[in-house]
Amino acid sequence: MSDTKPVTEIKARRTGEFIHPDKDHFLSEENPFEAMMSRFDIAAKLLSLDAGLYQVLRHPEKQIIVSLPIAMDSGDVEVFTGYRVLYSTVRGPGKGGIRFDLGVTLDEVRALAAWMTWKCAVVNIPFGGAKGGVICDPLTMSMGELERLTRRYTSSIIEILGPDSDVPAPDVNTNERVMAWIMDTYSMHKRHTVTAVVTGKPIEMGGSAGRREATGRGVMLVTREALKHLGQPLRGAKVVVQGFGNVGSITAELLQEQGAKILAVSDVSGGVYNDKGLDIADVIQWREAHRYVSGYPKGQALTNEELLVLPTDVLVPAALENVITARNAKDIQAKVIIEGANGPTAAGADEVLEKKGIFIVPDILANAGGVTVSYFEWVQDRDGWFWTEELVNSRLEEIMVKSFDNVLAVSKRYKVNMRIAAYTLAIERVASVHRLRGMYA
Ligand code: NAD
């Protein structure tokens, strides 16, 4: 059993004083990433992290706030606010997406940047963690306005961007198109083309084969490894997937390819269930024609709440954060949960799920396939030598399987669940580089 009590005090090595962890002054209780930091504390305690390093790892390295005046199509000028946070670059350049959303706050960007730091360390790729965002409503903006906003944001943070310092990627409401504008703006300033400044680009301009499918492929691989560990074959295993976007639909498709039976899938519109198994390619076709999963005729309709508590071998939450909470955790019937989404399980649900004996592969391991192939994209851009999709997939498999094994080994060593083990492994890796590099003063 893991020690799920939050750390209350960490002893400073030299002074013997007790330091009270700053209960994330930058994260409110409602913020899903408060949950992440409370798990960070448990892992820090397990590692007996010394007080100085504990403080270092809880503070972002650099935070930038920029004002972005944009000429709108109407002729008016509007000023948008943008952020970029480099949480840690101790293991390599900052890595993390840029989101365009009305809900963006500096607190959120900072927390997401921390999350990226642990994720890159779990899969042991040579990146730190970063994140960026602009407060805007892209759905109401024209392509021209979005392009001007992207280019102005890029030029405003250009000092910290670069293949050796900070490498953005797509996130909520940003895509290949936006990455192409960032790459072009950066390259215009540098006076030569620099493809490695962003990942998630179109393949024609330095993107990687297999990047679009990478997160779902990683989720499929860790599902296979988790079931193998529990002595159950993937072939014939029953699977339920919440979220039918990039991660959810590709996960469902690849798991079906491996012989799993996909009982139910859902999206924001609701879900569909068929106890004989859904034909995922057919559901994807339906979604392409009708925009949403709901209304799919070859199954029964069900709500997202009903889907989460279906009897199944595997549940893959691949939509939003905080869908498994203290409220519904007791009703979850899955034997295994594979977190395709970031933060789908609230910290309050951990203890209930653990008591029920549910094996959880946490987000910072389960959905790390995306950033792993982003790393491959960066390597290929710097080399100017591009890999086949087969090579990308086989290298991704190697990293995901090894990372699963490493987290499992830590979980056995410290007798903790896979989530705490993943945080422990990540913090140990980041802390060890800090110790080797020493403090520059
Ligand atoms: P997406 O926008 O492609 O898909 C999101 C899906 O969730 C859609 O099907 C949407 O309808 C569904 N959804 C939205 N609200 C919902 C609700 N209330 N109930 C049920 N379903 C709902 O996004 P994505 O890229 O697939 O990302 C999904 C999750 O995975 C996010 O948490 C994201 O941060 C995480 N993630 C994505 C990647 C990646 O490479 N795309 C990598 C790591 C983590």
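Please refer to the structure placed before this passage.
Predicted, not measured: the structure shown is a model, and the values here were computed from it.

1. Things to note about the overall build of the protein chain
- Helices and strands together make up the secondary structure of the protein chain, namely 14 helices and 14 strands.
- Scaling as 2.2 N^0.38, a compact globule of 441 residues should have a C-alpha radius of gyration of about 22 Å, and the protein chain matches this with 22 Å.
- The buried share of the protein chain, reckoned over its 441 residues, is 59%.
- Summed over all atoms, the accessible surface of the protein chain reaches about 18800 Å², with 51% contributed by carbon and sulfur.
- Each charge sign in the protein chain was given a centre, from 50 positive and 55 negative side chains, and these centres are 6 Å apart.

2. Focus: the site of the ligand
- Near the ligand there are 18 residues, and of these Thr215, Phe244, Asn246, Val247 and Asn342 occur at the shortest range.
- Contacts to the ligand include Val247, whose backbone N or O atom sits 2.9 Å from an oxygen atom.
- A distance of 3.0 Å separates an oxygen atom of the ligand from a polar backbone atom of Val268.
- Contact with the protein chains hides 68% of the accessible area of the ligand, taken as 830 Å² for the molecule alone.
- The class makeup of the residues in the shell around the ligand is 7 nonpolar, 9 polar and 2 charged.

3. A closer look at the packing of aromatic side chains
- As enumerated under the stated definition, the model contains 10 aromatic pairs in all.
- Here Phe376 and Trp387 contribute two aromatic rings whose centre-to-centre distance is 5.1 Å and whose plane-to-plane angle is 45 degrees, an arrangement assigned as tilted. Of this pair, Phe376 sits in helix H12 (residues 369-383) while Trp387 sits in the loop between H12 and helix H13 (389-414), placing them 11 residues apart in sequence.
- In this structure an aromatic cluster arises from ring pairing among Phe127, Tyr375, Phe376, Trp378 and Trp387.
- A cation sits over an aromatic face here: Lys95 above Phe127, 6.0 Å from the ring centre.
- Cation over ring: Arg395 sits above Trp387, and NZ or CZ is 4.5 Å from the ring centre.

4. Some details on the pattern of salt bridges
- Per the stated rule, a full pass over the model turns up 25 salt bridges.
- Linking Lys355 and Glu351 is a salt bridge whose minimum nitrogen-to-oxygen distance equals 3.4 Å. Of this pair, Lys355 and Glu351 both sit in helix H10 (residues 350-355), 4 residues apart, which is roughly one turn of that helix.
- Classification of Lys355 by relative accessible area gives exposed; the value is 63%.
- With a relative accessible area of 43%, Glu351 lands in the partly exposed category.
- Two residues, Arg413 and Glu428, come together in a salt bridge whose shortest N-O distance is 3.7 Å. In this pair, Arg413 is assigned in helix H13 and Glu428 in helix H14 (residues 418-437), connecting sequence segments 15 residues apart.
- Each of the salt bridges in this network shares a partner with another, and the network as a whole consists of Arg39, Glu339, Asp350 and Arg419.

5. Notes on unusual backbone geometry
- A positive phi angle, close to 55 degrees, is found at Asn124, a residue other than glycine.
- Within the secondary structure, Asn124 is located in the loop between helix H3 (106-122) and strand S6 (129-135).
- Given a relative accessible area of 46%, Asn124 falls into the partly exposed group.
- A positive phi is found at Arg191, a non-glycine position, where the angle reads about 70 degrees.
- Turning to its location among the elements, Arg191 is positioned in the loop between helix H5 (176-190) and helix H6 (214-229).

6. Brief notes about the packing of H12 against H13
- Following both chains from N to C, one finds H12 and H13 inclined at 130 degrees, their axes separated by 10 Å at the closest point. The angle between H12 and H13 falls in the class oblique. The way H12 lies across H13 gives a crossing that is right-handed. When H12 is examined against H13, the residues Gly369, Thr372, Val373, Phe376 and Gln380 are found in contact with a partner set consisting of Val392, Arg395, Leu396, Ile399 and Met400.
- Split by residue class, the contact of H12 with H13 holds 6 nonpolar, 3 polar and 1 charged.

7. Concerning the pairing of strand S8 (residues 238-242)
- Counted residue by residue, S8 has 4 buried out of 5 residues, so it is predominantly covered.
- Across 5 bridges, S8 lies against strand S9 (residues 261-267) in parallel orientation. In the strand pairing of S9, Gln242 is matched with Ser266.
- Regarding the hand of the β-α-β motif, the stretch spanning S8, helix H7 (residues 246-257) and S9 is right-handed.
- Of the strand pairs in this sheet, S8 and strand S12 (residues 314-317) are connected by 4 bridges, and their pairing is parallel.

Criteria and thresholds
Residues numbered from 1 in each chain as written. Predicted model: local features only at pLDDT ≥ 70, side-chain atom pairs only at ≥ 80, totals over all residues. Heavy atoms only, no water. Helix = DSSP H or I, 4+ residues; strand = E, 2+ residues; numbered from the N terminus. Rg over C-alpha atoms; globule rule 2.2 N^0.38 Å. Buried < 20%, exposed > 50% of the residue type's maximum accessible area, 1.4 Å probe, protein only. Areas by Shrake-Rupley, 256 points an atom, 1.4 Å probe, with all protein chains shown as cover. Lys, Arg positive; Asp, Glu negative; His and termini not counted. Charge placed at Lys NZ, Arg CZ, Asp CG, Glu CD. Near = heavy atom within 4 Å. Polar contact = N/O pair within 3.5 Å; in protein donor to acceptor, adjacent residues only side chain to side chain. Nonpolar A, V, L, I, M, F, W, Y, C, P; charged D, E, K, R; others polar. Phe/Tyr/Trp six-rings, centres within 6.5 Å; stacked < 30°, edge-to-face > 60°. Lys NZ or Arg CZ within 6 Å of the ring centre and 35° of its normal. Salt bridge = Lys/Arg side-chain N within 4 Å of Asp/Glu carboxyl O. Axes fitted to C-alpha atoms, helices over the stretch in contact; angles between N-to-C directions. Parallel < 35°, antiparallel > 145°, perpendicular 65-115°, else oblique. Left-handed = near helix turned anticlockwise from the far one by under 90°. Contact = heavy atoms within 4.5 Å. Pairing = 2+ DSSP bridges. Right-handed = clockwise from strand over helix to strand, strands pointing away.

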